[in-house]
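For reference, the chains in residue letters:
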Amino acid sequence: MSGRASPRFLRRCPRLNPLAVKSAAEWTVKGVTRMDMAEKKVSRWYFGGIASCGAACCTHPLDLLKVHLQTQQEVRMRMMGMMMDVVRRDGVLALYSGLSASLCRQLSYSLTRFAIYETVRDRMWGASHGPMPFYQKVLLGAFGGLVGGFIGTPADMVNVRMQNDVKLPPELRRNYTHALDGMFRVWREEGLRKLFSGATMASSRGALVTVGQLSCYDQAKQLVLGTGVLSDNILTHFLASFIAGGCATVLCQPLDVLKTRLMNSKGEYGGVMHCLTETAKLGPMAFYKGLVPAGIRLVPQTVLTFIFLEQLRKYFGIVIIA
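Residues numbered from 1 in each chain as written. Predicted model: local features only at pLDDT ≥ 70, side-chain atom pairs only at ≥ 80, totals over all residues. Heavy atoms only, no water.

A. Spotlight on the packing of aromatic side chains. Tallied over the entire structure, the rule returns seven aromatic pairs. Considering the side-chain rings of Trp45 and Tyr46, the 5.5 Å spacing of their centres and the 90° angle between planes classify their relative orientation as edge-to-face. We classify Tyr46 as partly exposed; its relative accessible area is 32%. Ring centres of Phe114 and Phe306 lie 6.0 Å apart, and the angle between their planes is 55°; this geometry places the pair in the tilted category. Taken together, the residues span a long stretch of sequence, with Phe114 in helix α5 (residues 99–128) and Phe306 in helix α13 (residues 291–316) at a distance of 192 residues. By the burial criterion, Phe114 is buried, and Phe306 matches it. Clustering of aromatic rings is evident, with ring pairs tying together Trp45, Tyr46 and Phe47. (Phe/Tyr/Trp six-rings, centres within 6.5 Å; stacked < 30°, edge-to-face > 60°. Buried < 20%, exposed > 50% of the residue type's maximum accessible area, 1.4 Å probe, protein only. Helix = DSSP H or I, 4+ residues; strand = E, 2+ residues; numbered from the N terminus.)

Shown next as structure tokens:
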């Protein structure tokens, strides 16, 4: 009997077959390589604008009520009273006044800040093979918010005017047909500088909102995942975005009030400092006028924005090898 196993015996005992052993070894190596080279999906630069538009469609009535509460000189109505007054005078669709301007604002302001923040963050993540420190996220968020706030100022101003139009007497209404019509009429009737009225406040607010939303969301998500209790799923996205929405509301409300007053003014304010002093005369709480509807609007908007963004990233994101 020879020392080599017969072909018939090897076929019956595949464990001793050198070809089978070699194939199993190759499969094992490939499996280990695939496990080591984990896939990661990152957002495309325009996902933030799309997600923000989706959230704005859901929360626009709350944004409109916030503008109405902030522009009243004396506190006469609360949120529910203001909503009933708008519906009684102009119908349910009046709650969506200025929706085109709101979407235009998201496609300028939000798209810019998300594109700057996420593009730079993902590149720095790829270079360092780890998450950014929180202070770098804050600085990056502030820069992205400043740029986005300035670019989105014209659409933001028209948005405020269109939302506030429904509570004015018919003879004083501006009656913009849509966002582009509003921006063109402001440029033609009031000049190019008026389109950027309140740009300082809008940029400052944009910086604070972006820090509160994007930077705090990233940090909160990192901390939640670090506990090991939850995985990267929709519950984690909800918790992190809820925390981020609360942070953004508290940070930006005083500047939001000043921005709204400046954009809606008809020349009664000489500048940011004049608006600041006139608002301060109404008391400290004047800077937090409309805080509840602002939170009710901004927190759901933040939650919806990041849930939409995470779903876009999951199904349509760019695949990279981590």
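B. The state of the cysteines, seen in detail. This model, assessed by the stated rule, comprises zero disulfides. Free of any disulfide, Cys57 has its nearest cysteine sulfur in Cys58, 6.7 Å distant. Its sulfur unpaired, Cys247 is 4.1 Å from the next cysteine sulfur, which belongs to Cys216. (Disulfide = S-S within 2.5 Å.)

C. Expanded view of helix α4 (residues 79–90). In this model, α4 (twelve residues) spans 17 Å end to end at C-alpha, consistent with the 16 Å of a helix rising 1.5 Å per residue. Of all the positions in α4, only Met79, Met82, Asp85 and Val86 are classed as buried. Down the axis, α4 shows its buried residues gathered within 125° of arc, on one side only. Buried residues along α4 sit against α3 (47–71) and α13. Directly after α4, the chain includes Gly91, whose backbone phi takes a positive value near 90°. (Expected span 1.5 Å × (residues − 1). Arc of directions from axis to C-beta. Contact = heavy atoms within 4.5 Å.)

D. Representation of the pattern of salt bridges within the structure. A complete count under the given rule lists 16 salt bridges for this structure. Across the pair Glu190 and Arg161 runs a salt bridge whose closest N-O atoms are separated by 2.8 Å. Here Glu190, found in helix α8 (residues 179–190), pairs with Arg161, found in helix α7 (residues 153–164); they are 29 residues apart in sequence, far enough to count as distant. With a relative accessible area of 2%, Arg161 lands in the buried category. Between Arg188 and Glu189 there is a salt bridge, with its nearest N and O atoms 3.7 Å apart. Taking relative accessible area as the criterion, Arg188 reaches 52% and is therefore assigned exposed. (Salt bridge = Lys/Arg side-chain N within 4 Å of Asp/Glu carboxyl O.)

E. Focus on the packing of helix α11 (residues 234–264) against α13. Where α11 contacts α13, the axes come no closer than 8 Å and their chain directions differ by 140°. Remark: the crossing between α11 and α13 carries right-handed chirality. Note on element contacts: α13 touches α11 through Leu291, Ala294, Gly295, Leu298, Val299, Thr302, Val303, Phe306, Ile307 and Glu310, opposite Ile234, His237, Phe238, Ser241, Phe242, Ala244, Gly245, Gly246, Ala248, Thr249, Cys252 and Gln253. (Axes fitted to C-alpha atoms, helices over the stretch in contact; angles between N-to-C directions. Left-handed = near helix turned anticlockwise from the far one by under 90°.)

F. Seen up close, the confidence of the model for the chain. The pLDDT averaged across the chain works out to 82; a share of 85% of its residues lies at or above 70. When the elements of the chain are averaged for pLDDT, helix α2 (residues 18–36) gives the smallest value, 44, and helix α6 (residues 134–151) the largest, 95. (pLDDT = per-residue confidence, 0-100.)

G. Region of the structure containing the environment of Thr305. Within the secondary structure, Thr305 sits in helix α13. Judged by its relative accessible area of 6%, Thr305 falls in the buried class. Counting along the chain gives 249 residues from Thr305 to Ala56, while the straight-line C-alpha distance between them is 8.4 Å. Apart from residues no more than four positions distant in its own chain, Thr305 is found in contact with Ala51, Ser52, Ala55 and Phe114.

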